[in-house]
Amino acid sequence: MAQQASSLPWLLLLCFLSVNGSFQPALVIEMAKILLENYCLPENLVGMQEAIQQAINSGEILQISDRKTLAAVLTVGVQGALNDPRLTVSYEPNYVQVMPPTLPSLPKEQLTRLVRNTVKVDVFENNVGYLRIDQIIGENAAAKLGSLLQDNIWDKIAQTSSLIFDLRYSTAGELSGIPFIISFFSDPEPLIHIDTVYDRPSNTSKELWTMPSITGKRYGKMKDVIILTSRCTNGAAEAVAYTLKNLKRAITVGERSAGGSVKVQKIRIAQSDFYITVPVARSVNPITGQSWEVSGVSPTVNIIGKEAVAKAKSLLAIRKAIPKVVQSISDIIRRLYAFTDRVPALLQHLEATDFFTVASEEDLASRLNQELQTVSEDPRLIIRYIDNVAIVEEDPEFYKVPDSLELLQAHIDKEFKVEILPGRIGYFRFDILVETPAMAKLEELMAQKVWEPLKDTDNLIIDLRYNTGGSSNCLALILSYLYNRSQSHYFFTIYDRIQNTTTEHNSLDKITGPTYGSQSGVYILTSYFTASIGEEFAYLIQALHRGTVIGEITSGNLMHSKTFQINGTEIVITVPFINFIDNNGECWLGGGVVPDAIVLAEEAVTRVYEIAEFHKGLQSLIEEAGDLLEKHYAVHEVALQVSNVLLSKWAEGLYRSVVDFESLASQLTADLHESSGDHRLHVFYCDVEPDPPHDIHKIPTAEEAGFIIDALFKIELLPGNVGYLRFDMMMDIAVVKAIGSQLIKLVWNKIVNTKALIIDMRYNTGGYSTAIPLLCTYFFDAEPLQHLYTVFDRTTNTMTEVMTLPHIRGQRYGSFKDLFILTSHMTGSAAEVFTRTMKDLNRATVIGEPTIGGSLSTGTYQIRDSMLYASIPNQVVFSAKTGKMWSFTGVEPHVIAQANDAVQVAQKIIAGRLFNKE
């Protein structure tokens, strides 16, 4: 603000340079004084007077001969600098200031005539009140008129059911009249802070509040009020509209208002014929912290002024209907919604919803839908606005066939298509699944038409690409044929809110003809047209792990719902009255079935052949993955358990959703993690053989050693003689020994004599574990040797105790000085082993984030001759302190901190410890 203000005089002076003529600097100084003493935003003028004086003292004399041009230049300069279009400078040699009489000073008859000419009251159809005020009178004028206002205006309006408050032509008024108007539309208690008006000349602020009592009856805060505004709406009328809008007491309709001012004065500049118009007071709304001045009041509903009354009437009609719409929707939900436990919360939420901003039926539908979705979390429960669209619902009777053998036979012949495709693959297509009282006859006909021809095929295609409807009650019949008769199976449950019934659907005890059994492959074909019963069947095949779904994502049509149009509106509500609960106890909320293999519908049959061929070798791949685990995984008993789990899941059909090597790798990895608890186990797909690890390390030359040290190590002496050492890779012991003398000279000797040491492992993702004993040795005494940890290697079946070394190069850091290790989510492998060892032996304080939980040593093994590879940790580490195996979950720091903050946290702890020691 201050910077902007100080630029004002310079801007003015620059403007003057472009105009020839004479000019007295005193005029600018006097204008600045007027602004400083009267402008309602004095904070924008900081430094102005000093800057002008400095410009004049510099000797720059600016002259403009034409006075009107000078006034125009001054106006542009002051408006641009302060960004306030209300500031104007004029040259008026014949100006005579006329002070209009104040309203209270007028005779009562004249004042009455003024009010009658500027106020209009009417009552429209449906008891809609209409109040037009073109000039808001002040408190004293209102008191002088007495009961005239009450009897002829306010009492008439108070009887209406809703109100259109027309301020489109209100261009004048007094601020003192605002509290009464706002009070008329609010309750007596609590009092409401309406506005704060700051007056610059007197440097005082006045707060406007609602009144605890008014003459006559209040309109209250419950009935709808629509305020009409236009580009002409100005001053006190803007204050009324802005206040009622932000109090959420009225909706504004029309055009953005003029953006006037609380109070503007035209002030003569010294004894010249120049005048400056200045806003001398400002309004600050307590709710928004802003004002209607300059920017105006933006309407809730934008529309040209002359159409505002008609729009207000239609809006009031909509708002009048809101309670009835909400009540109708509540009644429908109460009667029909399938999730009965969610109904009370839904109804309570609807009752408490604020519909103040609703300005159309579209708004109302959108708001209601948003509120219902928030509470129910059910995408089937939908409220929409549908303009002149008839609601067409599926007729359940369409899918019912009477108890007639001839009709059933005709249905089977028409709707069921059965073929034997090359490769002993059966093909079964049905587009509608009917319901009939003669279920035994239907079953018998299906056995003859479908299952007898298909019984000896190796795999079965069930084509649902053209299935758009049917009855759920027949699903269990078809599913029963896909299982063995020897065992009962639970398929799904249907809860019907209308009938208030819960029906479990299980496999049928007795069925006619041969079953297809549970071993052969079943492949379901879907398309974007698959809907209703077709979607349910595809969904159940996935939930029951009985087959593989191939094709396009299904239509996602909402199931088992009823749609109602709310009387007198274009709003419709769709309510699910049935819950479809699968074999896992999950309620399916629709939204479409995503196939296991997504392909174009017309390519689905070809894809079946590819996947069926892949599935032939699936069992052997899963068995081989288990065998590799048993042979190489470090914890043998866990490997045996996981291997059995994989085979069990395959037998239960959980791998039928796997359609290629990539999805198999993903599924195996997920199952390995779940059953072992070890996230280091990993199966991946690779179309080229992975490179074997290189165990032969080149011994670097002296020059190469220098490059390695510069690249890998960062050292620093922090305040308080605290050492900092960062290295981002654990090198092999052979390399460390080769560059040992240079490491001691260039790195270790610079930090070994510090009072405390920070070792930064935040960016160390691992490397070789062979140098860990050497690194640890520097932080323990020479005698006795310290047992660090024990390593079990599954490949050699050996246990190796890892100890500190008796002899090392250089000076030891010792076992008593404070050591801090910083970690992050990136810290892994050998870096974790070092960190965990030092934590386990209470030799270091670990600060940062939990580490990744990597492996000390991992082998990569091909699964048979496929393109799948298994990454298996073959070493496990046992604690020297507890003798127990370290977990796979990484290292938990002593002090949890964001990785970026770890250094600062360590420094604070060190400073505290060193202070206590002193």
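Everything below is about the structure printed above this text.
These notes cover the structure that comes with them. (Residues numbered from 1 in each chain as written. Predicted model: local features only at pLDDT ≥ 70, side-chain atom pairs only at ≥ 80, totals over all residues. Heavy atoms only, no water.)

### Focus: the overall build of the chain
Along its length, the chain carries 26 helices and 40 strands. Here the contacts in the chain between residues at least 6 apart in sequence split such that 76% fall between residues at least 24 apart. Here the chain displays about 42800 Å² of accessible surface, and carbon together with sulfur accounts for 52% of that area. (Helix = DSSP H or I, 4+ residues; strand = E, 2+ residues; numbered from the N terminus. Contact = heavy atoms within 4.5 Å. Areas by Shrake-Rupley, 256 points an atom, 1.4 Å probe, with all protein chains shown as cover.)

### Section: the packing of aromatic side chains
In the structure shown here, the tally under the stated rule is 30 aromatic pairs. Judged by centre distance (4.4 Å) and plane angle (10°), the ring pair of Tyr539 and Trp588 falls under stacked. Separated by 49 residues along the polypeptide, Tyr539 in helix H16 (residues 533-543) and Trp588 in strand S27 (residues 587-588) bring together distant segments of the chain. Residues Tyr539 and Trp588 agree in their burial class; the two are buried. Ring pairing ties together the aromatic residues Trp154, Phe165, Phe180, Phe184, Phe185 and Tyr219, which thus form one cluster. Here the guanidinium or amino end of Arg342 rests over the ring plane of Phe339, the centre of that ring lying 3.8 Å away. Lys562 extends its terminal NZ or CZ atom over the ring of Phe577, reaching a point 5.4 Å from the ring centre. (Phe/Tyr/Trp six-rings, centres within 6.5 Å; stacked < 30°, edge-to-face > 60°. Buried < 20%, exposed > 50% of the residue type's maximum accessible area, 1.4 Å probe, protein only. Lys NZ or Arg CZ within 6 Å of the ring centre and 35° of its normal.)

### What about unusual backbone geometry?
The omega torsion across Glu189 and Pro190 is -10°, close enough to zero to call that bond cis. Along the polypeptide, Pro190 turns up in the loop between helix H8 (178-184) and strand S7 (193-199). Here the residue pair Glu783 and Pro784 is connected by a cis peptide bond, since its omega of -10° sits within 30 degrees of zero. Within the element layout of this structure, Pro784 appears in the loop between helix H24 (772-777) and strand S33 (787-793).

### Some details on the side chain of Glu361
Here Glu361 is to be found in helix H12 (residues 361-376). Within the buried set, Glu361 has no salt-bridge partner at all; the shortest N-O distance to an opposite charge, 11 Å, is to Lys311. For Glu361, the side chain forms a polar contact with the main-chain nitrogen of Glu570, separated by 2.9 Å. Once you skip the residues sitting within four places of it in the chain, Glu361 turns out to touch Ile318, Tyr385, Gly568, Thr569, Glu570 and Ile571. (Lys, Arg positive; Asp, Glu negative; His and termini not counted. Salt bridge = Lys/Arg side-chain N within 4 Å of Asp/Glu carboxyl O. Polar contact = N/O pair within 3.5 Å; in protein donor to acceptor, adjacent residues only side chain to side chain.)

### Concerning the sheet that holds strand S39 (residues 875-879)
Hydrogen bonds along the backbone pair up the strands of a sheet, which may run parallel or antiparallel. Reading across the sheet, the 3 strands line up as S34-S33-S39 and stay open at both edges, with antiparallel pairing between neighbours. The open sheet has two edge strands with one neighbour each: strand S34 (798-803) and S39. Sheet twist, expressed as the average angle between the axes of neighbouring strands with direction ignored, equals 25°. Summarising the sheet, S33 and S34 pair through 6 bridges and their orientation is antiparallel. Residue pairing for S34: Asp793 is matched across the bridge by Thr798. (Pairing = 2+ DSSP bridges. Axes fitted to C-alpha atoms, helices over the stretch in contact; angles between N-to-C directions.)

### Structural notes on the pairing of strand S25 (residues 571-576)
Counting buried positions along S25 gives 6 out of 6 residues, so the element sits mostly inside the fold. Alternating positions in S25 separate into two faces, Ile571, Ile573 and Val575 on one and Val572, Thr574 and Pro576 on the other, with burial throughout. For strand S14 (residues 382-385) and S25, the ladder comprises 4 bridges, and the chain directions are antiparallel. Counterpart to Tyr385 in the pairing with S25 is Ile571. Examined bridge by bridge, strand S24 (residues 561-565) and S25 share 5 bridges and lie antiparallel to one another. Looking at the pairing, Ser561 lines up with Pro576 of S25.

### Quick notes on the side chain of Glu552
Summarising the element assignment, Glu552 is placed in the loop between strand S23 (548-551) and S24. Despite being buried, Glu552 has no salt bridge partner; Arg465 is the closest side chain of opposite charge, sitting 8.3 Å away. Contact partners of Glu552, with chain neighbours within four places excluded, come to Thr526, Ser527, Tyr528, Val593, Pro595, Val599, Leu600 and Ala601.

### What about the packing of helix H10 (residues 308-336) against helix H11 (residues 343-352)?
Their axes nearest at 10 Å, the elements H10 and H11 cross at an angle of 175°. Comparing their axes, H11 and H10 come out roughly antiparallel. Residues Val326, Ile329, Ser330, Ile333 and Arg334 of H10 form the contact with H11, whose participating residues are Val343, Leu346, Leu347 and Leu350. A class-by-class count of the residues in the contact of H10 with H11 yields 7 nonpolar, 1 polar and 1 charged. (Parallel < 35°, antiparallel > 145°, perpendicular 65-115°, else oblique. Nonpolar A, V, L, I, M, F, W, Y, C, P; charged D, E, K, R; others polar.)

### Points about the pattern of salt bridges
Under the defined criterion, the tally for this structure stands at 26 salt bridges. Residue Arg319 pairs with Asp224 through a salt bridge whose shortest N-O separation is 3.0 Å. Placement of Arg319 in helix H10 and of Asp224 in the loop between strand S8 (204-209) and strand S9 (225-229) is noted, with a sequence separation of 95 residues between them. Judged by relative accessible area, Arg319 falls into the buried class, the value being 12%. One network of salt bridges, with partners in common, ties together Asp84, Arg86 and Glu293.

### A few points about the environment of Ser527
Residue position: Ser527 is located in the loop between strand S22 (521-526) and H16. When the C-alpha positions of Ser527 and Ala601 are compared, they lie 5.4 Å apart, and in sequence the two are 74 residues distant. Those residues within four positions of Ser527 in sequence are excluded, and the remaining contacts are Arg465, Glu552, Ile553, Thr554, Ser555 and Ala601. Within polar-contact distance, the side chain of Ser527 engages the backbone oxygen of Arg465 at 2.6 Å.

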